[in-house]
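Listed below are the residues making up each chain.
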Amino acid sequence: MSFQQWSALLKEGFNATSFVATYLCFLHVTNTYLFTHAWVYGPSMLPTFSVTGNLVLAERVSTRLGKVGRGDVVLIRSPQNPRKVVTKRLVGMEGDTITYVVDPKNSDRRETIVVPKGHVWIEGDNIYATSDSRKFGPVPYGLLHGRVFCK
Amino acid sequence: MNFQQWSALMKEGFNVTSFVATYLCFLHVTNTYLFTHAWVYGPSMLPTFSVTGNLVLAERVSTRLGKVGRGDVVLIRSPQNPRKVVTKRLVGMEGDKITYVVDPKNSDRRETIVVPKGHVWIEGDNIYATSDSRKFGPVPYGLLHGRVFCKVSDLKSFMDCIFFSFLFFFL
């Protein structure tokens, strides 16, 4: 190929690449600041979400502005595995006194705890099959990822 | 103004806006995935950083890939105030056994703790004036924000920083 054709091809390739890069950029900013999607599966949020999986939309504005509250279903980065983002219900904000059943399968023993400053208490809807704050304690607010608003 | 001038002005305004938006977009992606800057101040990291403040560059690759280790200075979102990002030294990874002085101003009492899975233990370099893991316990790894690799204190160190970041990312 002559130099003319080479440079025309390179120019076209560069244009296409920069278009794709800009598109991905905007997609990333939307995901970070506006809303994102997630595929939630597993038994911990029955009957709200099914075991095989649901596609949900989560918005990322309320978590940044501090406007999430009790009863919201939230996406949160797991304190045990930092690569995983899990879905649970936010049951307590900082300062709340939470009384929870420690091990519902085996006993009715309850414990009471006050949620420390800067933390939240999360529980799965299906308390018989969930690993949540009853197991790993209150979770720092900074791990909140988004608030689910649509299934 | 007639319609022609109006639409020309609108088109130019739109072009400028989309150029600025694209530039901010790239800046944001660079800040999130490559490196970011931070202004660190306060007594908790003396003598590494001064009280009045230092500009530092932190890279965001190692925290995502899980390649931070003991001895690294990290930016971490505070577990007590989710809007604040603090700078501390990473002293223990998950599974490590940490022996720390609980209250160095008043006693020499030490305690030992094992860092749980998915968490890290952070301490400020100036243990007499820092609020760190000795006070609020091990911190989940997910709160790590970045790893500080460069401190800018004068023009020479600024040039070193630029050079170092090129080396780090393109080699």
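What counts, and at which threshold
- Residues numbered from 1 in each chain as written.
- Chains lettered and ligands numbered in written order.
- Predicted model: local features only at pLDDT ≥ 70, side-chain atom pairs only at ≥ 80, totals over all residues.
- Heavy atoms only, no water.
- Helix = DSSP H or I, 4+ residues; strand = E, 2+ residues; numbered from the N terminus.
- Rg over C-alpha atoms; globule rule 2.2 N^0.38 Å.
- Buried < 20%, exposed > 50% of the residue type's maximum accessible area, 1.4 Å probe, protein only.
- Contact = heavy atoms within 4.5 Å.
- Areas by Shrake-Rupley, 256 points an atom, 1.4 Å probe, with all protein chains shown as cover.
- Lys, Arg positive; Asp, Glu negative; His and termini not counted.
- Charge placed at Lys NZ, Arg CZ, Asp CG, Glu CD.
- UniProt positions renumbered as here; feature names shortened; annotations may be inferred.
- 1 Å grid on protein atoms, 1.4 Å probe; cavity = no way out; pocket = protein on both sides within 12 Å on 5 of 7 lines; lining within 4 Å.
- Points joined across faces, edges and corners; volume = space filled by probe spheres on them.
- Phe/Tyr/Trp six-rings, centres within 6.5 Å; stacked < 30°, edge-to-face > 60°.
- Expected span 1.5 Å × (residues − 1).
- Buried area = accessible area lost by both parts, 1.4 Å probe.
- Salt bridge = Lys/Arg side-chain N within 4 Å of Asp/Glu carboxyl O.
- Polar contact = N/O pair within 3.5 Å; in protein donor to acceptor, adjacent residues only side chain to side chain.

**Looking at the overall build of chain A**
Logical step 1: Helix and strand counts for chain A stand at 3 helices and 9 strands.
Logical step 2: Counting helices and strands in the order they occur from the N terminus, chain A gives α-β-β-α-β-β-β-β-β-α-β-β.
Logical step 3: Since a compact globule built from 151 residues should have a radius of gyration of about 15 Å, the 22 Å found for chain A marks it as more spread out than a globular shape.
Logical step 4: In terms of principal-axis extent, the alpha carbons of chain A reach across some 80 × 35 × 25 Å.
Logical step 5: Burial status across chain A gives 40% buried among its 151 residues.
Logical step 6: Residue pairs at least 24 apart in sequence account for 52% of intrachain contacts in chain A once pairs closer than 6 positions are excluded.
Logical step 7: A total accessible area of about 8900 Å² is found for chain A, and carbon and sulfur atoms account for 59% of it.
Logical step 8: Charge separation in chain A, taken as the distance between the mean sites of 18 positive and 11 negative side-chain charges, equals 6 Å.

**Some details on the UniProt feature "domain: Peptidase S26" (unreviewed entry) in chain A**
Logical step 1: The UniProt feature table records "domain: Peptidase S26" (unreviewed entry) at residues 18-101 and 111-149 of chain A.
Logical step 2: Helix makes up 10% of residues 111-149 of chain A and strand makes up 44%, while its end C-alpha atoms are separated by 31 Å.

**Topic: the layout of surface pockets**
Residues and elements named next belong to chain B.
Logical step 1: Roughly 500 Å³ of internal volume is contained in the second largest pocket.
Logical step 2: In terms of lining, the second largest pocket is formed by 23 residues, of which the most central are Tyr 41, Lys 84, Val 86, Thr 87 and Lys 88.
Logical step 3: When residues of the lining of the second largest pocket are assigned to their parent elements, the largest contribution, 4 residues, is made by strand E4 (residues 85-92).

**Focus on the UniProt feature "active site" (unreviewed entry) in chain B**
All names here are of chain B.
Logical step 1: When the UniProt feature table is mapped to this numbering, "active site" (unreviewed entry) covers Ser 44 and Lys 88. These annotated residues cover 45 residues of sequence, but their C-alpha atoms sit close together, with the largest distance between any two at 7.9 Å. Considering only the annotated residues already named, the ones lining the second largest pocket are Ser 44 and Lys 88.
Logical step 2: Counting through the fold element by element, Ser 44 comes out in the loop between strand E1 (35-40) and strand E2 (54-59).
Logical step 3: Given the relative accessible area of 14%, Ser 44 is considered buried.
Logical step 4: Ignoring any residue separated from it by four or fewer positions in sequence, one finds Ser 44 in contact with Thr 87, Lys 88, Gly 124, Asp 125, Asn 126, Ala 129 and Thr 130.

**Here's the deal with the packing of aromatic side chains**
Between two aromatic rings, the relevant description is the distance of the centres plus the angle of the planes.
Logical step 1: Tallied over the full model, the rule gives 2 aromatic pairs over all chains.
Logical step 2: Ring geometry for A:Tyr100 and A:Trp121: centres 5.0 Å apart, planes at 40 degrees, overall tilted. Pair noted here: A:Tyr100 is in strand E5 (residues 97-101) and A:Trp121 is in strand E7 (residues 119-123), with a separation of 21 residues, a long-range link. Comparing A:Tyr100 with A:Trp121, the two get one shared label, buried.
Logical step 3: Taken together, a centroid distance of 5.0 Å and an interplanar angle of 40 degrees make the contact between B:Tyr100 and B:Trp121 tilted. In this pair, B:Tyr100 is assigned in strand E5 (residues 97-101) and B:Trp121 in strand E7 (residues 119-123), connecting sequence segments 21 residues apart. This pair shows no difference in class: B:Tyr100 is buried, exactly as B:Trp121 is.

**Some words on the environment of B:Phe3**
Logical step 1: Locating B:Phe3 in the fold gives a position in helix H1 (residues 3-33).
Logical step 2: By relative accessible area, B:Phe3 is classed as exposed at 67%.

**Describing H1(B)**
Logical step 1: Between the first and last C-alpha of H1(B) there are 44 Å, a value that for 31 residues agrees with the 45 Å anticipated at 1.5 Å per step.
Logical step 2: Restricting attention to buried positions, one finds in H1(B) the residues B:Thr22, B:Cys25, B:His28 and B:Thr32.
Logical step 3: The inward-facing, buried residues of H1(B) abut helix H1 (3-33) of chain A together with helix H2 (61-65) of chain B.

**With respect to the interface of chain B and chain A**
Logical step 1: The interface is formed by 23 residues belonging to chain B together with 23 residues belonging to chain A.
Logical step 2: Taken as a group, B:Cys25, B:His28 and B:Pro82 account for 25% of the area that chain B buries against chain A, more than any other trio of residues on that side.
Logical step 3: At the junction of chain B and chain A, the tally comes to 0 salt bridges.
Logical step 4: One can count 9 residue pairs in polar contact (both at pLDDT 80 or more) joining chain B with chain A.
Logical step 5: Among the elements of the structure, H1 and H2 of chain B are those that each provide at least two residues to the side of chain B that touches chain A.

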